[in-house]
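What the coordinates show
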Amino acid sequence: MTIKPYTSHNPPTALTKLIKLTKARVIITGLSALLLAGCQSTTDPDLTGSTRYQGAAPVSNNKNLNKQEIARVRTSLAAQYIRKNELDAAQRQLEKAFAANSRYAPAYDMMGVLLQQEGSRLNLEKADAYFKKAIALDGDFEQARNNYGVYLSQMKRYSEAAQQFEIAGSALGYEGRISALENLGRTYLQLNDSAAAAKAFLRALDGNRNSLVAHIELVDLLLAQNRVQQAQRLYDETLILVQGQGISPRLLLQGIKLAEAQGDSNQRQQLSRQLLSAYPLSDEAKQLKTWLNNPEAPWQ
């Protein structure tokens, strides 16, 4: 489920003016209570973890390194190789980690990530056992649960994925907790449970008010319920978060929907021109064209 990356070009004048206007409106009082009254759906299949690979560590020449430290260093090296897509080298490092300590949970988690990244049917099947082994060795290993949830979502095992994300997202102090909650919300969208998705995104916002994923997903959830004023306030806040980064086709389409819902034809036309000009082949541009050809039809 992915928020598409934002492009680096600056927004045109119309959007710059819009962003300036929104700064005066960005106070979202009572949003949590309003949303929890009932939200209902949209999707974005790209789920990601915020700290998927273990941090790199320098290799020491100390001959007295214990087996746990050797496994840690080898796993850390494997993470570096995975980042560079040098998967065979990563595999060799993980084999050495297992040889040093066959009960080192992060090595099993990293092997699951490695096999998932390679992506063949056989290796995807193998990855499942490695993630399970990591969790069995360390039930409090939240990163393994988040990574396993990403894997389960890729395999379309959404109910199982939600269970893993819930555990990781409830672990106070875990650095990837907000990412896990974002993933939880997107997984509930895949399960067509938009009320549960809204709760997960609100939890993400409670933990980090700058969660862009939660902002964008909640705007769509509010629009689907025709709760336009709440959606507009959250959209205003989203524009400020992305200021200077450019604006994605998804955000442009949300702005068009909000302008249409509020009868602002000038704003709708300006944003429509920008979307069709900057992202003519995007899914959002296709949705806009379909709607322009049949304005009475609901947005898809």
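Numbers given for residues are sequential positions, taken from 1 along each chain in its written order. A pLDDT threshold of at least 70 governs which residues receive local features in this predicted model, and a stricter bar of 80 or more applies before side-chain atom pairs are shown or counted, although totals over entire chains, interfaces and linings include all residues. No hydrogens and no water enter the side-chain calculation; it runs on all heavy atoms of the structure.

Structural notes on the overall build of the protein chain
Going by this rule: By the criteria applied, helices consist of DSSP H or I runs no shorter than four residues and strands consist of E runs no shorter than two, each listed in order from the N terminus. The rule is simple: take the accessible area with a 1.4 Å probe, protein chains only, and divide by the maximum for that residue type; under 20% is buried, over 50% is exposed, in between is partly exposed. Each accessible area is a Shrake-Rupley result for a 1.4 Å probe, and residues are judged covered by the shown protein chains and nothing else.
Counting secondary structure elements, the protein chain contains 15 helices and zero strands. In the protein chain, which comprises 300 residues, the share counted as buried stands at 50%. Accessible surface, the protein chain as shown: approximately 14,600 Å² in total, 48% of it carbon and sulfur.

A look at the packing of helix α9 (residues 177-190) against helix α11 (residues 212-224)
Between two packed helices, the angle of one axis relative to the other and the distance separating the axes together describe the packing. How we decide: Lines fitted to C-alpha atoms define the axes, with helix axes restricted to the stretch in contact, and inter-axis angles between N-to-C directions lie between 0 and 180 degrees. Angles are sorted into four bins: roughly parallel if under 35 degrees, roughly antiparallel if over 145, roughly perpendicular if 65 to 115, and oblique for all others. Crossings are assigned a handedness: left-handed for a near helix turned anticlockwise from the far helix by less than a right angle, right-handed for a clockwise turn. The contact criterion used throughout is that any non-hydrogen atoms of two residues lie within 4.5 Å. Each residue gets one label: Ala, Val, Leu, Ile, Met, Phe, Trp, Tyr, Cys and Pro are nonpolar, Asp, Glu, Lys and Arg are charged, and the others, such as Gly, are polar.
Contact geometry for α9 and α11: axes closest at 10 Å, N-to-C directions at 30 degrees. Taken together, the axes of α9 and α11 are roughly parallel relative to one another. α11 is crossed by α9, and the crossing has left-handed handedness. Each of Glu182, Arg186 and Leu189 in α9 lies in contact with α11, whose residues at this interface are Val213, Glu217 and Leu221. Classifying every residue of the contact of α9 with α11 by side-chain character gives three nonpolar, no polar and three charged.

Some details on the nonpolar core
Nonpolar side chains tend to gather and get buried jointly when the protein is soluble and globular. Threshold: By nonpolar core is meant a set of buried Ala, Val, Leu, Ile, Met, Phe, Trp, Tyr and Cys residues that side-chain atoms within 4.5 Å join together.
By size, the foremost hydrophobic cluster in this structure holds 73 residues, and its most contacted members are Leu94, Phe201, Leu218 and Leu275. When residues of this core are assigned to their parent elements, the largest contribution, nine residues, is made by α11.

Side note on the environment of tyrosine 158
Relative to the elements of secondary structure, tyrosine 158 occurs in helix α8 (residues 158-169). Placed 28 residues apart in sequence, tyrosine 158 and arginine 186 show a C-alpha to C-alpha distance of 9.7 Å.

With respect to helix α10 (residues 194-207)
Put simply, the test is: Expected span of a helix, by definition, is 1.5 Å for each gap between consecutive residues, and there is one gap fewer than residues.
Taking 1.5 Å of rise per residue, 14 residues should cover 20 Å, and α10 covers 20 Å from first to last C-alpha, within 8% of that figure. Along α10, the residues classified as buried are Ser194, Ala196, Ala197, Ala198, Ala200, Phe201, Leu202, Ala204 and Leu205.

Examining the packing of aromatic side chains
What counts here: Only the six-membered ring of Trp is used, alongside the rings of Phe and Tyr, when aromatic pairs are assigned; centres must lie within 6.5 Å, and planes under 30 degrees apart are stacked while those over 60 apart are edge-to-face, with the rest tilted.
Counted under the stated rule, the structure contains six aromatic pairs. Judged by centre distance (6.3 Å) and plane angle (25 degrees), the ring pair of phenylalanine 98 and tyrosine 130 falls under stacked. You can see phenylalanine 98 sitting in helix α4 (residues 87-100) and its partner tyrosine 130 sitting in helix α6 (residues 121-137), a full 32 residues away along the chain. Taken together, Phe98, Tyr108 and Tyr130 form an aromatic cluster joined through their ring pairs.

Describing the pattern of salt bridges
Selection rule: The salt bridge criterion pairs a side-chain nitrogen of Lys or Arg with a carboxyl oxygen of Asp or Glu, the two atoms within 4 Å.
Under the criterion given, the structure shown has eleven salt bridges. Close ionic contact of arginine 121 with glutamate 125 constitutes a salt bridge, the shortest N to O distance being 3.0 Å. With a gap of four residues between them, arginine 121 and glutamate 125 both fall in helix α6, about one helical turn apart. The class for glutamate 125 is partly exposed, based on a relative accessible area of 46%. Between aspartate 128 and lysine 132 there is a salt bridge, with the nearest N and O atoms lying 3.2 Å from each other.

A look at unusual backbone geometry
Its identity as a non-glycine residue notwithstanding, asparagine 85 has a phi of 60 degrees, on the positive side. Take asparagine 85: it is sitting in the loop between α3 (67-83) and α4. Of note, the phi angle at lysine 156 is positive, near 65 degrees, even though the residue is not glycine. Note on placement: lysine 156 falls in the loop between α7 (142-154) and α8. For lysine 156, a relative accessible area of 61% corresponds to the exposed category.

Section: the confidence of the model for the protein chain
A low pLDDT score tells you not to read the predicted coordinates there in detail. Just so we agree on the cut-off: A residue's pLDDT is the confidence the predictor assigns to it, expressed on a 0 to 100 scale.
Per-residue confidence for the protein chain gives a mean pLDDT of 84; residues scoring 70 or more make up 78%. Of the regions scoring below 50 in pLDDT, residues 1-15 engages in 46 contacts with residues more than four places distant in sequence or in other chains.

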